[in-house]
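Observations on chain architecture
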Amino acid sequence: MIKLEHVEKYFGDLHVLKDINLEVAEGEKLVIIGPSGSGKSTTVRCMNFLEEPTSGHVYIDGQELTSKNKTKLVRETTSMVFQQFNLYPHMTVLKNLTLAPMKLHHKTKQEAEELAYHYLEVVGLRDKANVYPTQLSGGQQQRIAIARALCAQTKIILFDEPTSALDPETIQEVLDVMVNLAHEKNITMVVVTHEMGFARQVADRVVFMADGQIIEEGTPEHFFTNPKNERVRQFLGKIIR
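Below you will find a few notes about this structure.

Reading the values: rules and limits
- Residues numbered from 1 in each chain as written.
- Predicted model: local features only at pLDDT ≥ 70, side-chain atom pairs only at ≥ 80, totals over all residues.
- Heavy atoms only, no water.
- Helix = DSSP H or I, 4+ residues; strand = E, 2+ residues; numbered from the N terminus.
- Expected span 1.5 Å × (residues − 1).
- Buried < 20%, exposed > 50% of the residue type's maximum accessible area, 1.4 Å probe, protein only.
- Arc of directions from axis to C-beta.
- Contact = heavy atoms within 4.5 Å.
- 1 Å grid on protein atoms, 1.4 Å probe; cavity = no way out; pocket = protein on both sides within 12 Å on 5 of 7 lines; lining within 4 Å.
- Points joined across faces, edges and corners; volume = space filled by probe spheres on them.
- Nonpolar A, V, L, I, M, F, W, Y, C, P; charged D, E, K, R; others polar.

1. Digging into helix α4 (residues 109-122)
In this model α4 runs 20 Å from its N-terminal to its C-terminal C-alpha over 14 residues, within 8% of the 20 Å that 1.5 Å per residue would give. Looking at α4, one finds that the buried residues are Ala112, Leu115, Ala116, Tyr119 and Leu120. Projection of α4 onto a plane perpendicular to its axis shows the buried side chains occupying an angular sector of 130 degrees, all on one side. Residues Gln110 and Glu121 are exposed on α4 and point more than 90 degrees away from its buried face. Structurally, α4 contributes buried residues whose contacts are with α3 (93-103) and α5 (138-151). Trailing α4 by a residue or two, Gly124 shows a phi angle of about 75 degrees, which is positive.

What follows is the structure, given as structure tokens:
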């Protein structure tokens, strides 16, 4: 479903991604972990050309992403949930959720609202349809952002540290929604996170990045019982108590 081939990324003189080769199968739940500044978020942002690779190739559902086709191809296949919720503050929750289906996917207002109410039910916030984002907690806003991604009905959802801007009390409510979502076999998920419990619970495969490179990958069982690389062991030793 996603393939990165020899992807390099520079920001000026800063070499952020170094020969990234990665494939994500249809329906796979891939979790990317690693220290801050390791290139995790840039890798995910290259998957939908929010960051265009300096060199290398990105394929989505068998088609190579290019500067010419990226808008159409990404809109058809991929949604994203960001660290910051990026909801329109001047629109109600319902309007935030119906905007893309109507504007981009040409749904009627009724079709878009039916989708919105369905996915608000999925994230447990149907009763918040007519309130504004500023009236919601951070955890609720992020659950709305997930519902918005689901409303696009894409095969792929990318998550870029979706709980990093939340306080400890609201992190779990977002993770619970994501765990439930991970049980959907037809959705491909790529999740950048520091939540090791989530990685253990839902990942089919875990990728560890450091210094712009993929250092090790394997199943959650492999990572949390017997990682091979010393850098990985040190990282997990610091964050798992």
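Picking up where we left off.
2. Re the environment of Tyr132
In this structure, Tyr132 sits in the loop between α4 and α5. When the C-alpha atoms of Tyr132 and Leu87 are compared, they prove to be 9.4 Å apart, with 45 residues separating the residues in sequence.

3. Details of the layout of surface pockets
Counted as a void, the largest pocket has a volume near 760 Å³. Mapped by element, the contributors of at least two residues to the lining of the largest pocket are α2 (70-77), β6 (78-81), α3 and α5. It is α3 that contributes the most residues to the lining of the largest pocket, five residues altogether. Its residues assigned to classes, the lining of the largest pocket comprises 14 nonpolar, seven polar and four charged. Within this model, the second largest pocket holds a volume of roughly 250 Å³.

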